[in-house]
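Residues per chain, in single letters:
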Amino acid sequence: MGDHSHGSPNTSGTVATAGQGEEGEFQNPGLPPHRPRLADTDPRAEKRSEKQVAILFAISVLGTLLFFYGYFFIRLDESIGTLRVQNLFLGLGTAFAMLGIGVGIVHWAKTLMPDHEVIEERHEIRPEEDRVVAEKMIGDIIEETGIKRRPLIRNTLLGAMALAPLPAIVLFRDLGPLPGDVLRHTMWDNGVRLTRDPSGTPIKASDVTLGSAFHVIPEGLNDAEHKLEEKAKAVVLLMRLDPSGLNPSPGREDWSVDGIVAYSKICTHVGCPVALYEQHTHHLLCPCHQSTFDLTQECAVIFGPAVRPLPQLPIAVDDEGYLIATSDFTEPVGPSYWERG
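Fair warning: this is a prediction, and the values are worked out from it, not measured in the lab.

Each value, and the rule that gives it
- Residues numbered from 1 in each chain as written.
- Predicted model: local features only at pLDDT ≥ 70, side-chain atom pairs only at ≥ 80, totals over all residues.
- Heavy atoms only, no water.
- Pairing = 2+ DSSP bridges.
- Helix = DSSP H or I, 4+ residues; strand = E, 2+ residues; numbered from the N terminus.
- Axes fitted to C-alpha atoms, helices over the stretch in contact; angles between N-to-C directions.
- Expected span 1.5 Å × (residues − 1).
- Buried < 20%, exposed > 50% of the residue type's maximum accessible area, 1.4 Å probe, protein only.
- Contact = heavy atoms within 4.5 Å.
- Disulfide = S-S within 2.5 Å.
- Arc of directions from axis to C-beta.
- Polar contact = N/O pair within 3.5 Å; in protein donor to acceptor, adjacent residues only side chain to side chain.

Colleague: Provide a residue-level description of the sheet that holds strand S5 (residues 276-278), including the pertinent values.
Modeller: Hydrogen bonds between backbone atoms are what pair the strands of a sheet, whose relative direction is either parallel or antiparallel. Pairing is antiparallel in the open sheet, where 4 strands are placed in the order S5-S6-S7-S8. At either end of the open sheet lies a strand with only one pairing partner, and these are S5 and strand S8 (300-303). Averaged over all adjacent pairs, the angle separating strand axes in this sheet is 35 degrees, with direction ignored. Taken together, the 3 bridges between strand S7 (residues 292-294) and S8 define a ladder with antiparallel strand orientation. Looking at S8, one finds that Thr-292 is bridged to Phe-303.

Colleague: Describe in detail helix H3 (residues 80-111), supporting the description with residues and values.
Modeller: Counted at 1.5 Å a residue, the expected span for H3 with its 32 residues is 46 Å, and the 45 Å between its end C-alpha atoms agrees. Every buried residue of H3 is accounted for by Thr-82, Gln-86, Leu-90, Gly-93, Ala-97, Gly-100, Ile-101, Gly-104, Trp-108 and Thr-111. Buried residues belonging to H3 abut helix H1 (38-41), helix H2 (43-72), helix H4 (127-145) and helix H5 (151-163).

Colleague: Go over the state of the cysteines with me, naming the residues and quoting the values.
Modeller: The full count for this structure, using the stated rule, is 1 disulfide. Between Cys-272 and Cys-288 runs a disulfide, and the two sulfur atoms are separated by 2.4 Å. Here the S-S torsion is close to -105 degrees, and the disulfide linking Cys-272 with Cys-288 is therefore left-handed. Of this pair, Cys-272 sits in the loop between strand S4 (260-264) and S5 while Cys-288 sits in the loop between strand S6 (283-285) and S7, and the two are 16 residues apart along the sequence. Cys-286 takes part in no disulfide bond, and the closest cysteine sulfur, belonging to Cys-267, lies 3.9 Å away. Among the residues examined, Cys-286 registers a relative accessible area of 2% and is labelled buried.

Colleague: Help me get a handle on H5, residues and values and all.
Modeller: Between the first and last C-alpha of H5 there are 18 Å, a value that for 13 residues agrees with the 18 Å anticipated at 1.5 Å per step. Residues of H5 that are buried include every one of Ile-153, Thr-156, Leu-157 and Ala-160, and no others. One side of H5 carries all its buried residues, which in axial view fall inside an arc of 105 degrees. H5 presents Leu-158 and Ala-162 as exposed residues on the side facing more than 90 degrees away from its buried surface.

Colleague: So what about the side chain of Ser-264? Which residues, and what values?
Modeller: Inspection of the secondary structure assignment puts Ser-264 in strand S4. In this structure the side chain of Ser-264 is engaged in a polar contact, spanning 3.2 Å, whose partner is the backbone nitrogen of Ile-266. The residues contacting Ser-264, other than those within four sequence positions of it, are Val-235, Leu-310, Pro-311, Phe-329 and Val-333.

Colleague: Tell me what's going on with the sheet that holds strand S3 (residues 236-240), and back it up with residues and numbers.
Modeller: Overall, antiparallel pairing links the 4 strands, which are arranged S1-S2-S3-S4 in an open sheet. Of all the strands in the sheet, the pair left with one neighbour each is strand S1 (194-196) and S4. On average, each strand axis in the sheet is tilted by 45 degrees relative to the strand beside it, whichever way the strands run. Note that S1 and strand S2 (residues 213-218) share 3 bridges and pair antiparallel. Bridging across to S2, Arg-196 finds its partner in Val-216.

Coordinates in, geometry out; function isn't part of it.
This is the structure in structure tokens:
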């Protein structure tokens, strides 16, 4: 076998590695050569990029104006299509307002702002000197953006940023003031017939078979001045169970008709429509957050984030056999965070 040497690192045989110094450490290769962009060498390309950035900021301005058009000039009526058109304008306006500013700033930075590499060594902290350095850095940043010598970009950016927050302000304004007692009253009243949604056809007690479910609105709702607002409060689910399966609390014994019961369709969690009825379990399910209500226990919550039962609508039958309400809901419908004093 051959003799192996176990000398020191300096004397033992080592293979030189390319790029290493005398002590075997890798040398700093430095920064790669700077490659100028087209806008750095061609004045026409620079001007073209400046116009592109300005156009993106102008798109943001147009997006904000589109939002305001949808919000103030598309008036809601009895058609659900109008609501969809307004939501489309609001969504597209907000998207273009935010997207125009974001893409514009990115395009500005990538094509017009200096992109040279800078190395800054660490140094000891000296408050006064650091303040001077920070001021100089801010001045350099402003100078490098070119905002002083590019009034087209500056003006469109200022316009876009001035208008962009306004949609949020308008939407937040719509959250108040508190609704007062508006949500405590619906179109239901003594003698108001239960009708099918959306046709408005009156419902007879004989039409409601065991296990069936109807989506119900009050008679006259389709002719109301504010149809959507009224429907959002008054919409009801009508079901028929075996009367022996009901467990009415004291005072509610006459709120149903031969096992036919009516409950608000508006979930008490965040106001989603409770649209699913499990016939075999007699459970009502809200598809938004899976709140589940037991129809046999006056729609008590048995699962999910809702914290109170669905309000029940007292019903009866008139002389012609049609189902009617005997009063309005005895409590406000909808989410539990509304005032309920």
